[in-house]
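Coordinate analysis (summary)
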Amino acid sequence: AFTEKEDVKGQANLRLMGIPLGAQFVCLIARDSAYLKSHQTGSDHSGHSYRDIDVKNFMLAAEELVSRGYYVLRMGYKVNEPFNSHNYMVIDYASNGMRSDFMDIYLGAKCAFCISCGTGFDAVPQIFRRPVAYVNMVPVAYFFTFSNRVLGIFKHHFSIKSDQNLSLSEIFVSGVGSSLMTSDYESKDVLLIENTPEEIRDLVIEMHERTNGAWHSHDDDELLQQKFWEIFSAEALNNHEGRPLHGVIQSRFGASFLRNNLWWLE
């Protein structure tokens, strides 16, 4: 919980960033290589490069959120490039000189929801029971399943050998379902491809509608969810050390992604 003094401080900083009292905002965190490079100089971080993503692919989703009344704050302690928008409601908090440790926590606690790719900052909204929409999640077996406030989609897994994207089952059969190093994907000739701006936007719309009680499922959505979780549960039981990864599954996989990729569940 925040003290009254801390709340006053947080609200004052929001107004300094141009966010009015009572306005809803969304935190966006897109992992790149900048943070590790700045804190562990001289080390080789290429083993984690499979997790990196391009923040520019989030602009379509940010603009969609603005059209629905949200402010969007791009988070990050160190980032490789700015998140430039002509819309004043898209705020590059990571680069505008207003970032602080306190506001990192305050924003994560008070956001309507967070958009993440499975990186350090999203622990903050998790702790404060805020919904999190995960995009570009890898490895797929480590998808967060413990909360009904979690919604997500995975990176595409492209097989160089077969010259096509892998289905969910094939991702596990290929041996990269729980891979934690870039070299694992390279050795299996699997190329990770980021979610498209449209896929990210669609997931964000679903999160917005679910958190506001406006979500309407299609007739086959529950069947697709069931198919997804049957495959996932059968394959993603344990980590690379044989320890259980999942208990009771409460999360949801992106409905639009499943509707548009029926082959992926074959």
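Residues numbered from 1 in each chain as written. Predicted model: local features only at pLDDT ≥ 70, side-chain atom pairs only at ≥ 80, totals over all residues. Heavy atoms only, no water.

1. Structural notes on the sheet that holds strand 1 (residues 25–28)
Within the open sheet, the 7 strands sit side by side as 3-2-1-4-5-6-10. Their pairing is parallel. Looking at the sheet topology across the chains shown, the edges are occupied by strand 3 (90–91) and strand 10 (252–253). Here strand 5 (residues 132–137) runs beside strand 6 (residues 150–154); their pairing, made up of 4 bridges, is parallel. Bridge pairing in strand 6 links Ala133 to Leu151. (Pairing = 2+ DSSP bridges. Helix = DSSP H or I, 4+ residues; strand = E, 2+ residues; numbered from the N terminus.)

2. Examining the packing of aromatic side chains
Working definition: an aromatic ring pair is given by the centre-to-centre distance plus the angle between the planes. For the structure shown, the criterion picks out 23 aromatic pairs. The interplanar angle of 70° and the centroid separation of 5.8 Å between the aromatic rings of Tyr70 and Phe113 together place this pair among those described as edge-to-face. Of this pair, Tyr70 sits in the loop between helix 3 (59–67) and strand 2 (71–74) while Phe113 sits in strand 4 (residues 113–116); the two residues are 43 residues apart in sequence, bridging distant segments of the chain. When its relative accessible area of 1% is taken as the criterion, Tyr70 is described as buried. The exposure class assigned to Phe113 is buried, which follows from its relative accessible area of 0%. Ring centres of Phe143 and Phe253 lie 6.4 Å apart, and the angle between their planes is 80°; this geometry places the pair in the edge-to-face category. Of this pair, Phe143 sits in the loop between strand 5 and strand 6 while Phe253 sits in strand 10, and the two are 110 residues apart along the sequence. Of note, Lys9 hangs over the ring of Phe102, and the distance from its end group to the ring centre comes to 4.4 Å. (Phe/Tyr/Trp six-rings, centres within 6.5 Å; stacked < 30°, edge-to-face > 60°. Buried < 20%, exposed > 50% of the residue type's maximum accessible area, 1.4 Å probe, protein only. Lys NZ or Arg CZ within 6 Å of the ring centre and 35° of its normal.)

3. Examining helix 9 (residues 221–235)
The end-to-end C-alpha distance of helix 9, which contains 15 residues, comes to 21 Å, matching closely the 21 Å that a straight helix rising 1.5 Å per residue would cover. Those residues of helix 9 that fall on the buried side of the exposure criterion are Asp221, Leu224, Gln225, Phe228, Trp229, Ile231 and Phe232. Considered in projection along helix 9, the buried side chains sweep an arc of 160° and stay on one side of the axis. (Expected span 1.5 Å × (residues − 1). Arc of directions from axis to C-beta.)

4. Things to note about the pattern of salt bridges
Any two side chains of opposite charge can pair, on the condition that their charged atoms come close. Under the criterion given, the structure shown has 13 salt bridges. Of the charged contacts in the structure, one is a salt bridge between Arg68 and Glu64, with a shortest N-O distance of 2.7 Å. Judged by its relative accessible area of 32%, Arg68 falls in the partly exposed class. The network of salt bridges with shared partners includes Asp54, Lys56 and Glu81. (Salt bridge = Lys/Arg side-chain N within 4 Å of Asp/Glu carboxyl O.)

5. Describing the packing of helix 1 (residues 4–16) against helix 4 (residues 101–110)
Two packed helices can be described by the angle between their axes and the distance between those axes. Closest axis-to-axis distance for the helix 1/helix 4 pair is 10 Å, and the angle between their directions is 90°. Considering the angle they form, helix 1 stands roughly perpendicular to helix 4. The segment helix 1 lies against helix 4, with Glu6, Asp7, Lys9, Gly10, Gln11, Asn13 and Leu14 engaging Phe102, Met103, Tyr106, Leu107 and Lys110. Split by residue class, the contact of helix 1 with helix 4 holds 5 nonpolar, 3 polar and 4 charged. (Axes fitted to C-alpha atoms, helices over the stretch in contact; angles between N-to-C directions. Parallel < 35°, antiparallel > 145°, perpendicular 65-115°, else oblique. Contact = heavy atoms within 4.5 Å. Nonpolar A, V, L, I, M, F, W, Y, C, P; charged D, E, K, R; others polar.)

6. Quick word on the sheet that holds strand 7 (residues 156–159)
Taken in spatial order, the 3 strands of this open sheet run 8-7-9, and their pairing is antiparallel. The sheet is open, and its two borders are formed by strand 8 (164–165) and strand 9 (190–193), each paired with just one other strand. Here 4 bridges tie strand 7 to strand 9, and the two strands are oriented antiparallel to one another. Residue pairing for strand 9: Ser159 is matched across the bridge by Val190.

7. What to know about the side chain of His157
Take His157: it is sitting in strand 7. One polar contact links the side chain of His157 to the main-chain carbonyl oxygen of Lys155, over a distance of 3.0 Å. Those residues in contact with His157 that sit more than four places away from it in its chain are Val138, Val140, Gln164, Asn165, Leu166, Ile171, Val176, Tyr185, Val190, Leu191 and Leu192. (Polar contact = N/O pair within 3.5 Å; in protein donor to acceptor, adjacent residues only side chain to side chain.)

Geometry only, nothing functional implied.
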